[in-house]
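Here's the letter readout for the chains.
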Amino acid sequence: MSELRVGVLAYPGCFASEVFGVPDLLTMATHLGGPGLVKYEVAVMSPRSRVAASGGTTLGVRPVREVDVLVVPGFELGPGLDVAAKLAPLGPELAVIRSHAAAGNAVVAICAGAFLVAEAGLLHRRRATTAWLLADELARRCPDTEVRPEHLVVTDGGVTTTAAFSAMYDFALTLIREHSGARVARTTARVALVDDARSSQTPYVDTRLLPQPGHAFSRRVMRRLDQNLAERYDLAALSRTFDVSTRTLLRRFSGETGQSPLAYLQSSRVRRARHLLETTDRTVAGIAAAVGYRDPGTFAALFARHTGRRPQDYRAAFRRDAGRGPSAPDTENLSSPQ
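Residues numbered from 1 in each chain as written. Predicted model: local features only at pLDDT ≥ 70, side-chain atom pairs only at ≥ 80, totals over all residues. Heavy atoms only, no water.

Enquirer: Any chance you could break down the environment of Asp-170 for me, citing the residues and the numbers?
Expert: With respect to the secondary-structure elements, Asp-170 resides in helix α6 (residues 167-180). Judged by relative accessible area, Asp-170 falls into the buried class, the value being 10%. Apart from the residues within four sequence positions on either side, Asp-170 is in contact with Leu-152, Val-153, Asp-195 and Arg-198. At 2.3 Å, the side chain of Asp-170 and the side chain of Arg-198 are in polar contact. (Helix = DSSP H or I, 4+ residues; strand = E, 2+ residues; numbered from the N terminus. Buried < 20%, exposed > 50% of the residue type's maximum accessible area, 1.4 Å probe, protein only. Contact = heavy atoms within 4.5 Å. Polar contact = N/O pair within 3.5 Å; in protein donor to acceptor, adjacent residues only side chain to side chain.)

This is the structure we're talking about:
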């Protein structure tokens with residue numbers, strides 16, 4: 001293939017940066033690839049004659065035509081926003097997505113663009129991802145879709161979905177790597193200052209921004225676990241604290257949060273460990289002990305499973321990105337694990 005046709009589907013209220021992010025990186029790859037390699041022909045398309053993106057930015061668009069890859073950007077989806085109301089006026093765009101998929105061509109949804117692709121019926125019985133902040137809502141609206149909130153990019157049956165905003169670059173680099181080779185992808189990432197080694201969006205999750213459970217019981221259990229991160233996990237003792245059986249505690253906590261108390265505790269421990277790695281000079285073994293693990297190897301394996309990086313690599317990457325040296329030691333007194 002000497003040319004890859006990529007079309008970005010613009011629609012009212014879409015994020016303008018997500019309209020142009022992929023085309024800009026592909027343009028750079030074309031210049032860096034040199035003669036003889038794939039060239040990317042990119043067009044911003046719409047079934048409408050005029051499109052105002054987020055913030056009222058007017059976009060210049062071309063009529064819809066057949067392309068090899070159709071990119072669907074995301075839109076603003078904050079707390080309380082009615083997804084159905086947002087999608088209701090986008091019938092023409094949904095028709096374009098369905099038609100493109102029916103022709104056997106690839107469809108890519110960036111961030112909240114997954115909701116458009118889902119509304120078009122393309123995520124039925126497929127694996128998908130989206131921004132971690134929106135993953136629960138996507139799973140609720142698409143119960144037959146296997147939502148993978150830890151992944152940056154998921155491709156299943158010709159349909160690709162990505163995590164939030166900057167994950168459009170992870171997708172673009174994957175596309176460049178497939179069609180232009182690893183050298184061009186790597187060079188493009190270096191020139192654009194884009195991280196081409198990310199493997200998960202888990203390190204970016206901030207649970208304080210997630211919708212809080214609506215029931216007091218799970219909040220009380222979470223608070224108890226958060227206040228005693230260094231203690232050994234004891235389900236029986238935890239149940240006695242709240243005067244319920246272990247079975248009842250597991251059923252009520254899972255029903256309100258969608259996870260077990262142990263899974264929540266592990267995530268909370270990893271979150272605390274990330275903070276200590278970022279802000280202190282403590283050893284990995286010391287941090288492991290501070291969040292409840294006697295064996296640093298067990299802690300490192302858990303940390304890598306949640307963040308995609310070993311603790312030492314996470315600290316090095318954070319300090320490299322922050323452009324600073326080690327921070328002053330944290331003087332907070334945390335007890336050792338029981």
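Enquirer: Tell me what's going on with the layout of surface pockets, and back it up with residues and numbers.
Expert: Roughly 600 Å³ of volume is contained in the second largest pocket. Classifying every residue of the lining of the second largest pocket by side-chain character gives 9 nonpolar, 6 polar and 11 charged. (1 Å grid on protein atoms, 1.4 Å probe; cavity = no way out; pocket = protein on both sides within 12 Å on 5 of 7 lines; lining within 4 Å. Points joined across faces, edges and corners; volume = space filled by probe spheres on them. Nonpolar A, V, L, I, M, F, W, Y, C, P; charged D, E, K, R; others polar.)

Enquirer: Break down the pairing of strand β5 (residues 69-72) for me, citing the residues and quoting the values.
Expert: Across the two faces of β5 the burial is the same, with Val-69 and Val-71 and Leu-70 and Val-72 all buried. Alignment of strand β1 (residues 3-9) against β5, held across 3 bridges, turns out to be parallel. Residue pairing for β5: Val-8 is matched across the bridge by Val-71. Pairing between β5 and strand β6 (residues 106-109): 4 bridges, direction parallel. What sits directly across from Val-72, in β6, is Ala-109. (Pairing = 2+ DSSP bridges.)

Enquirer: Describe the nonpolar core, listing the residues and the values that go with them.
Expert: Formed by 67 residues in total, the largest nonpolar core has its most connected members in Leu-59, Ile-97, Phe-115 and Leu-116. Those residues in contact with Leu-59, other than ones at most four positions away along the chain, are Ala-10, Cys-14, Ala-16, Val-19, Phe-20, Val-51 and Ala-53. Counting residues in hydrophobic clusters, the runner-up holds 14 residues, among them Leu-276, Ile-287, Ala-290 and Tyr-314. (Core = buried A, V, L, I, M, F, W, Y, C linked by side-chain atoms within 4.5 Å.)

Enquirer: Residues and numbers for helix α7 (residues 182-192), please.
Expert: Among the residues of α7, Val-184, Ala-185, Thr-188 and Ala-189 are the ones counted as buried. Seen along its axis, α7 keeps its buried residues to an arc of 135 degrees; they face one direction. Contacts made by the buried residues of α7 are with α1 (16-33) and α6. (Arc of directions from axis to C-beta.)

Enquirer: Tell me what's going on with the pattern of salt bridges, and back it up with residues and numbers.
Expert: Taken as a whole and judged by the stated rule, the model has 12 salt bridges. The salt bridge involving Arg-140 is made with Glu-137; its shortest N-O contact spans 2.7 Å. Remark: Glu-137 and Arg-140 occur in helix α5 (residues 135-141); sequence separation between them is 3 residues, near one turn of the helix. Overall, Arg-140 belongs to the exposed group, its relative accessible area being 57%. Since its relative accessible area comes to 25%, Glu-137 is described here as partly exposed. One salt bridge in this structure joins Arg-198 and Asp-170, with 2.3 Å as the shortest N-O distance. With Arg-198 in the loop between α7 and α8 (216-227) and Asp-170 in helix α6, this residue pair connects regions lying 28 residues apart in the sequence. (Salt bridge = Lys/Arg side-chain N within 4 Å of Asp/Glu carboxyl O.)

Enquirer: Please give an account of the packing of helix α11 (residues 261-279) against helix α13 (residues 296-307) that cites residues and values.
Expert: Their axes nearest at 10 Å, the elements α11 and α13 cross at an angle of 95 degrees. In this view, α11 runs roughly perpendicular relative to α13, as classed from their interaxial angle. Contacts between α11 and α13 involve Gln-266, Ser-267, Val-270, Ala-273, Arg-274 and Leu-277 from the former and Phe-299, Leu-302, Phe-303, Arg-305, His-306 and Thr-307 from the latter. Taken together, the residues of the contact of α11 with α13 sort by class into 6 nonpolar, 4 polar and 2 charged. (Axes fitted to C-alpha atoms, helices over the stretch in contact; angles between N-to-C directions. Parallel < 35°, antiparallel > 145°, perpendicular 65-115°, else oblique.)

Enquirer: Before we move on, could you go through the sheet that holds β6 and cite the residues and values that matter?
Expert: If you trace the 6 strands from one edge of the open sheet to the other, you get β2-β1-β5-β6-β10-β9, paired in mixed fashion. The open sheet is flanked by β2 (39-45) and β9 (153-156), the only strands paired with a single partner. Taken over all neighbouring pairs, the strand axes of this sheet differ in orientation by 20 degrees on average, direction set aside. Note that β6 and strand β10 (residues 159-162) share 3 bridges and pair parallel. The residue of β10 that forms the bridge with Val-107 is Val-159. Against the sheet, helix α3 (residues 91-102) engages β1, β5 and β6, with an angle of about 150 degrees to β5.

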